[in-house]
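The residues making up each chain are set out below.
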Amino acid sequence: MTVIEANGARIPAIGLGTMTLKEQVCIDAVKTALKLGYRHLDTAERYGNEEWVGEGLHQGLAETGLKREDVFVTTKVYWDKLAPGDFEQSVEDSLKKLKLPWVDLLLIHWNNPKVPLSDSIKSLCSAKKNGQAKHVGVANFTTAMLDEAAKLATEPLVTNQIEVHPFLDQTKVVAACKKHGMSITAYCPIARGKVPGNETLERIAKAHDKSASQVALRYLVQQGIVPIPRTATPAHLAANLAVFDFALTEAEMAEIAKLAKPDGRVVNPAHSPKWDA
Ligand SMILES: NC(=O)c1ccc[n+]([C@@H]2O[C@H](COP(=O)([O-])OP(=O)(O)OC[C@H]3O[C@@H](n4cnc5c(N)ncnc54)[C@H](OP(=O)(O)O)[C@@H]3O)[C@@H](O)[C@H]2O)c1
């Protein structure tokens, strides 16, 4: 699979999102994904599914003959576990559940204004130094937080995992990631199901003999953004990988960008930061 290089990391250009996937459904989705060619899995302590993502990974490696190093595994430390001590415990718990000595990427899963970034970034970088994570990064960081985090980090930050899809304008934070040499990982790339049925995306899809979801994913991939769509449906798992055999025209890219709306954000919990306008 194509890889995106950022601050020393080589990140497979599409990953499997696993939020909400549990038990056998999760194990089967991960195994099917690996067999189809996925090389990037996204989980988090918060999703309560690391045990099954790990099981799917280990079974998938055994059944495909892939090596652990062939698959890029991301997990995250949730914002309520960022304080010194809690952070380290969360990482240990994640590795235990995943049955892995290290993950490829460890992220701060939302900032917590009550824990200074100097503490959380220090814990994050320590996890890389002590071998628990090959790379480190952040999620849901704004431009201001990225500037502060980049100054504090003693290890390179390789990604900012944020919501990106055609209905949300993330130009400012995307530019800030690029300024810091970081990749952008796109969560909710299918806008949690709002992409299928969109008139513009459906029309463009028809012209390429693809689906609206594939067009939304291609829109991101073509910008060097790494989408992590979530599905356990085998046909969707396969479809979401089949976005490297066509290209959107400049006019189509511009038309899709115009679908962004001020209220286009899907994920906006109470603990969200003040987003970049
Ligand atoms: N860092 C963060 O704060 C954060 C926040 C949210 C999410 N995430 C990560 O990002 C991942 C993706 O985001 P998400 O799960 O919220 O939303 P998403 O991937 O945009 O949407 C998932 C929905 O899209 C549907 N879908 C997937 N592929 C499809 C296809 N080819 N055709 C039609 N429908 C399709 C799925 O339905 P089917 O199951 O029927 O296919 C599912 O209902 C998460 O799983 C998680 O790993 C991170």
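To be clear, the structure that these remarks concern was listed above.
The paragraphs below set out a description of the structure included in this document. (Residues numbered from 1 in each chain as written. Predicted model: local features only at pLDDT ≥ 70, side-chain atom pairs only at ≥ 80, totals over all residues.)

In terms of helices and strands, the protein carries ten helices and ten strands. Against the globule reference of 19 Å for 277 residues, the protein gives a C-alpha radius of gyration of 18 Å, in line with a compact fold. Taking the principal axes of the C-alpha coordinates as reference, the protein spans close to 55 × 45 × 30 Å. A burial count over the protein gives 49% of its 277 residues as buried. (Helix = DSSP H or I, 4+ residues; strand = E, 2+ residues; numbered from the N terminus. Rg over C-alpha atoms; globule rule 2.2 N^0.38 Å. Buried ≥ 20, exposed ≤ 12 C-beta atoms within 10 Å, placed from the backbone.)

Turning to the site of the ligand, a few remarks are in order. Near the ligand you find 28 residues, and of these Gly17, Met19, Tyr187, Arg230 and Thr231 are the closest. It is helix H9 (residues 234–241) that provides the largest number of residues to the shell around the ligand, a total of three residues. Among the residues making up the shell around the ligand, the classes are represented as 13 nonpolar, twelve polar and three charged. (Near = placed C-beta within 6 Å. Nonpolar A, V, L, I, M, F, W, Y, C, P; charged D, E, K, R; others polar.)

On to the packing of helix H7 (residues 199–208) against helix H8 (residues 212–221). A pair of packed helices can be characterised by two numbers: the angle between their axes and the separation between those axes. As a packed pair, H7 and H8 sit with axes 8 Å apart at the nearest point and diverge in direction by 90°. As summarised for this structure, H7 and H8 are arranged roughly perpendicular, according to the angle between their axes. Note on element contacts: H8 touches H7 through Ala212, Gln214, Val215 and Ala216, opposite Leu201, Glu202, Ile204 and Ala205. Residues that form the contact of H7 with H8 fall into these classes: six nonpolar, one polar and one charged. (Axes fitted to C-alpha atoms, helices over the stretch in contact; angles between N-to-C directions. Parallel < 35°, antiparallel > 145°, perpendicular 65-115°, else oblique. Contact = placed C-beta atoms within 7 Å.)

Glancing now at the pairing of strand S6 (residues 103–109). A regular strand carries its side chains on alternate faces of the sheet. When you tally the buried positions in S6, you get seven out of seven residues, the bulk of the element. Pairing of strand S5 (residues 72–78) with S6, which is carried by five bridges, proceeds in the parallel orientation. Its bridge partner being in S6, Thr75 is matched across the sheet by Leu106. Inspection of the sheet shows S6 paired to strand S7 (residues 133–139) by six bridges, in the parallel sense. Note that in S7 the partner of Val103 across the bridge is Ala133. (Pairing = 2+ DSSP bridges.)

Let us now look at unusual backbone geometry. In the Ramachandran plot, Arg192 falls in the positive-phi region, its phi being about 50° despite a non-glycine side chain. Relative to the helices and strands, Arg192 is located in the loop between strand S9 (183–187) and H7. Residue Arg192 is classed as partly exposed on the basis of its 13 C-beta neighbours within 10 Å. One non-glycine residue, Asp209, lies in the positive phi region at around 55°.

Of note, Asp169 is situated in the loop between strand S8 (157–163) and helix H6 (171–179). Given 19 C-beta atoms within a 10 Å radius, Asp169 is considered partly exposed. Here the alpha-carbon distance between Asp169 and Ala260, two residues 91 residues apart in the chain, equals 5.4 Å.

Most of S9 sits inside the fold, with five of its five residues counted as buried. Alternating positions in S9 separate into two faces, Ser183, Thr185 and Tyr187 on one and Ile184 and Ala186 on the other, with burial throughout. Of the pairings in the sheet, the one linking S8 to S9 comprises five bridges and is parallel in character. In the sheet register, Gln161 faces S9, and the bridge partner there is Thr185. One crossover worth recording links S8 to the parallel S9 by way of H6, and it is right-handed. By the bridge criterion, two bridges tie S9 to strand S10 (residues 226–227) in an arrangement that is parallel. The partner of Thr185 across the bridge, within S10, is Val226. (Right-handed = clockwise from strand over helix to strand, strands pointing away.)

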